[in-house]
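Coordinate inspection notes
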Amino acid sequence: LKKYALYLKNNSENDIITHFTNNNVENSIGCSISWKNMQFLWKKFIDGERFQNMFFTSTLKNKLKENLKYDEEKDVFLDCTSKLLPTVSKFIKFWNDNMEMCDDINEEIEIDELCSLFTYHTKTNIDENSILDLIRHYYSDVFIDDDKYLLNTKCKLWNKKEDIINSLKKYKSITSHTDFYTDEIPITEMYQMYCGNKNKFTASKRYFEKFIKEESELYIIEDNFIKVESFGNI
């Protein structure tokens, strides 16, 4: 605790930069780290050490230029890399190839859903905090609600609405000729059945209920029950 509390007092600016580069930057001839990526590495460093940012952006850049080769025209640091950057590159490519954002898109995707999609399609594990850090740094125009939901955003690799619709139709088809058929069912119970369908990915309860209520408004009755007859009309 004493070492942490006195870190800034006992370490010069150059000491801090050295600590950062020793732990986050590796020599690699022919490789380079863009300034944008270096800023991300710096943010991960201070977050991991639980420090407040002690440098202005321009000061940080100048300090790094004193320690690393720098190409002014390309705005990159030369002959270096970082073990964190392969995952960063994969995420940026995944996002640019598969994510859509638009104010007219009445969609949302949860951070944990995005984690599952990214891990499944890239075979690369990532946690929710890392994805939040990446989005905030590289895609700052994305609106994040409650550190959990990306609003007006969808992934082209997953049609959530289609999965839900197929689940409802499957339920109606299976139960319509059995003694278990009922005219109406609680939406929460319907969500549990949807989760049991073993889809590759599962939409959140919030999204499921929102979709059901928007698409079947005329079939919703008190206490959040939905008429089964509506399943063929969604």
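We now turn to the structure provided with this report. All figures in this text were calculated on a predicted structure; none of them were measured in a lab. (Residues numbered from 1 in each chain as written. Predicted model: local features only at pLDDT ≥ 70, side-chain atom pairs only at ≥ 80, totals over all residues. Heavy atoms only, no water.)

**Structural notes on the pattern of salt bridges**
Cut-off, in case you're wondering: Salt bridge, as used here: a side-chain nitrogen of Lys or Arg that lies within 4 Å of a carboxyl oxygen of Asp or Glu. Elements are defined by DSSP. Helices are runs of H or I of four residues or more, strands are runs of E of two residues or more, and each kind is numbered from the N terminus. Burial status follows relative accessibility: with a 1.4 Å probe on protein chains alone, a residue under 20% of its type maximum counts as buried, one over 50% as exposed, and anything between as partly exposed.
Within this structure, the stated rule accounts for 15 salt bridges. Residue Lys43 is joined to Asp47 by a salt bridge in which the shortest nitrogen-to-oxygen separation is 2.8 Å. With Lys43 and Asp47 both in helix H4 (residues 35–49) and four residues apart, the pair spans about one turn of that helix. In this structure, Asp133 engages Lys43 in a salt bridge whose closest nitrogen and oxygen atoms are separated by 3.7 Å. Of this pair, Asp133 sits in helix H8 (residues 128–138) while Lys43 sits in helix H4, and the two are 90 residues apart along the sequence. Residue classification places Asp133 among the buried positions, given a relative accessible area of 15%. For Lys43, a relative accessible area of 30% puts it in the partly exposed group. Within this structure, Lys43, Lys44, Asp47 and Asp133 form a network of salt bridges that share partners.

**A look at empty space enclosed by the protein**
The condition that has to hold: Using protein atoms alone on a 1 Å grid, points that fit a 1.4 Å probe yet trap it form a cavity, whereas open point sets bounded by protein on both sides within 12 Å along at least five of seven lines form a pocket; residues with an atom within 4 Å of a point count as lining. Grid points are joined across faces, edges and corners, and a volume is the space filled by probe spheres set on the points. For this scheme, ten residues count as nonpolar: Ala, Val, Leu, Ile, Met, Phe, Trp, Tyr, Cys and Pro. Four count as charged, namely Asp, Glu, Lys and Arg, and the remainder, Gly too, count as polar.
The final tally for this structure, using the stated rule, is one cavity of 30 Å³ or more. Here the largest cavity defines a volume of roughly 60 Å³. Asn106, Glu107, Glu108, Lys161, Tyr207, Lys210, Phe211 and Glu214 are the residues that line the largest cavity. With four residues, helix H11 (residues 205–215) is the largest single contributor of residues to the lining of the largest cavity. Residue composition of the lining of the largest cavity, by class: two nonpolar, one polar and five charged.

**A look at the packing of aromatic side chains**
Heads up, the condition is: For Phe, Tyr and Trp, where Trp contributes only its six-membered ring, two rings pair if their centres lie within 6.5 Å, and the inter-plane angle classes them as stacked under 30 degrees, edge-to-face over 60, or tilted in between.
Going through the model one piece at a time under the given rule, you end up with 16 aromatic pairs. Measuring from ring centre to ring centre gives 5.4 Å for Trp42 and Phe45, while their planes differ by 45 degrees; the resulting arrangement is tilted. Of this pair, Trp42 and Phe45 both sit in helix H4, separated by three residues, roughly a single helical turn. Across the pair, exposure class does not vary: Trp42 and Phe45 are buried alike. Measuring from centroid to centroid gives 4.8 Å for Trp95 and Tyr139, while their planes differ by 25 degrees, and the two rings are stacked. Of this pair, Trp95 sits in helix H6 (residues 85–98) while Tyr139 sits in the loop between H8 and strand S6 (144–145), and the two are 44 residues apart along the sequence.

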